[in-house]
Amino acid sequence: MIAITRRRALFGAAALASVYPILRSSPALAQAAAGPFSLPALPYAPEANEPSIDKMTMEIHHGRHHAAFIGNLNAAAKDFPQIAAMPMHQVLQKIGEMPEAVRGVIRNSGGGHANHAMFWTIMGGKGGEPSGDLAAAITRDLGGMEKMKTDFNAAGVRVFGSGWVFVTVDATGKLALTSRPNQDNPRMDGQMVLMGNDVWEHAYYLKYQNRRADYLTGWWNIVNWQAIETRYAAAKAGTLGI
Ligand code: MN
């Protein structure tokens, strides 16, 4: 049984590798690949989000998971330089126009890079509530802060397997709650991300194990609303990237 399973696994890997050669590289080699993409530094110390998110989770999440996406993108850019020829949010938006052989890398690693780059910047805060235009938009479009948090947490719990829960924003400032599987990013559907939370197990399992709802609840205590207000203003000004 084990031998059959291993043969199947090897055949599967070989078949995938023939479609796209990056898959032959080990993750360590992929991470080491130099190229046009680089891992954005955390804007705070890895322990800054404790106790909501522990230091080791932050270090592994940023330094290994996000770094692997960067490595995959750099490896892909050798054969498909067009993925580095425009800002990543445009690459995601144009995924359907990209060569079929690179769409998987864009979806998984490009989406993963965008999602995590956003994620780091909207944490490191002290929770609380936003002010001004954003507070008004949350009341208008999402039923107010308490309802938004309740609905956001529920949507995060409902993601089956791995994925993200997002609040999207359009150019007029209108907000909407949504979720995506895996590393999909709303830009792939022409929507802009205001904020989002990662509900992959790697985001919380060391501290919370299977208690995703507790992670989602605790996460609000380290949200950086100033950073999200800046993203909101950028969305309305047409300057928001990933
Ligand atoms: Mn993650």
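Position numbers for residues start from 1 in each chain and track the written sequence from start to end. Side-chain atom pairs in this predicted model are given and counted only at pLDDT of 80 or more, local residue features only at pLDDT of at least 70, and totals for whole chains, interfaces and linings cover all residues. To obtain the side-chain values, all non-hydrogen atoms of the structure were included, while hydrogens and water were left out.

Draft legend 1. Structural view of the overall build of the chain. Along the chain, the regular secondary structure elements total ten helices and three strands. Strands are runs of DSSP state E lasting at least 2 residues, helices are runs of H or I lasting at least 4, and numbering of each runs from the N terminus. Shown N-terminal to C-terminal, the secondary structure of the chain runs as helices and strands in the order α-α-α-α-α-α-α-β-β-β-α-α-α. Think of it in three bands: residues with accessible area under 20% of the maximum for their type are buried, residues over 50% are exposed, and the middle band is partly exposed, with areas taken using a 1.4 Å probe on protein chains only. Scored against the burial criterion, the 242 residues of the chain give a buried share of 48%. In what follows, a contact means two residues having at least one pair of non-hydrogen atoms within 4.5 Å. If you take every contact in the chain between residues at least 6 apart in sequence, the share linking residues at least 24 apart comes to 70%.

Draft legend 2. Layout of the environment of M118. Following the sequence through the fold, M118 ends up in helix α5 (residues 100–121). Along the sequence, M118 and A227 sit 109 residues apart, while their C-alpha atoms lie 9.9 Å from each other. Look past the residues within four positions of M118 in its chain and what remains in contact with it is W164, F166, V193, M195, G196, R231 and I242.

Draft legend 3. Representation of the packing of helix α3 (residues 55–79) against α5. At a closest axis distance of 9 Å, the pairing of α3 and α5 adopts a crossing angle of 145 degrees. In terms of crossing hand, the pair formed by α3 and α5 is left-handed. Contacts between α3 and α5 pair M58, H61, H62, H66, F69, I70, N72, L73 and A76 from the former with V102, V105, N108, S109, G110, G112, H113, H116, A117, F119 and W120 from the latter. In terms of residue class, the contact of α3 with α5 is built from ten nonpolar, ten polar and no charged. Axes, fitted as lines to C-alpha atoms, cover a helix only where it is in contact. Angles between the N-to-C directions of the axes lie from 0 to 180 degrees. Throughout, a crossing is termed right-handed when the near helix is turned clockwise from the far one, and left-handed when it is turned anticlockwise from it by less than a right angle. Residue polarity is assigned by list, with Asp, Glu, Lys and Arg as charged and Ala, Val, Leu, Ile, Met, Phe, Trp, Tyr, Cys and Pro as nonpolar; anything else, Gly included, falls into the polar class.

Draft legend 4. Representation of the side chain of H62. Relative to the elements of secondary structure, H62 occurs in helix α3. The contacts of H62, once residues within four sequence positions are left out, are L39, P40, A41, L42, A67 and W120.

Draft legend 5. Fine view of the pairing of strand β3 (residues 192–198). Along β3, seven of the seven residues are buried, which leaves the element largely enclosed by surrounding structure. Being paired, for any two strands, means DSSP has found at least two bridges between them. Relative to β3, strand β1 (residues 163–169) runs antiparallel, the two being bridged by six bridges. Pairing of W164 across the sheet is with D198, part of β3.

Draft legend 6. The sheet that holds β3, seen in detail. In space, the three strands of this open sheet follow the order β2-β1-β3, with antiparallel pairing throughout. Two strands lie at the open edges of the sheet, namely β2 (175–181) and β3, each paired on one side alone. Taking the axes of each pair of neighbouring strands and ignoring which way they run, one obtains an average angle of 25 degrees across the sheet. Each of β1, β2 and β3 touches helix α10 (residues 225–237); the most contacted strand, β3, lies at about 150 degrees to it.

This is a description of form; function is not addressed.
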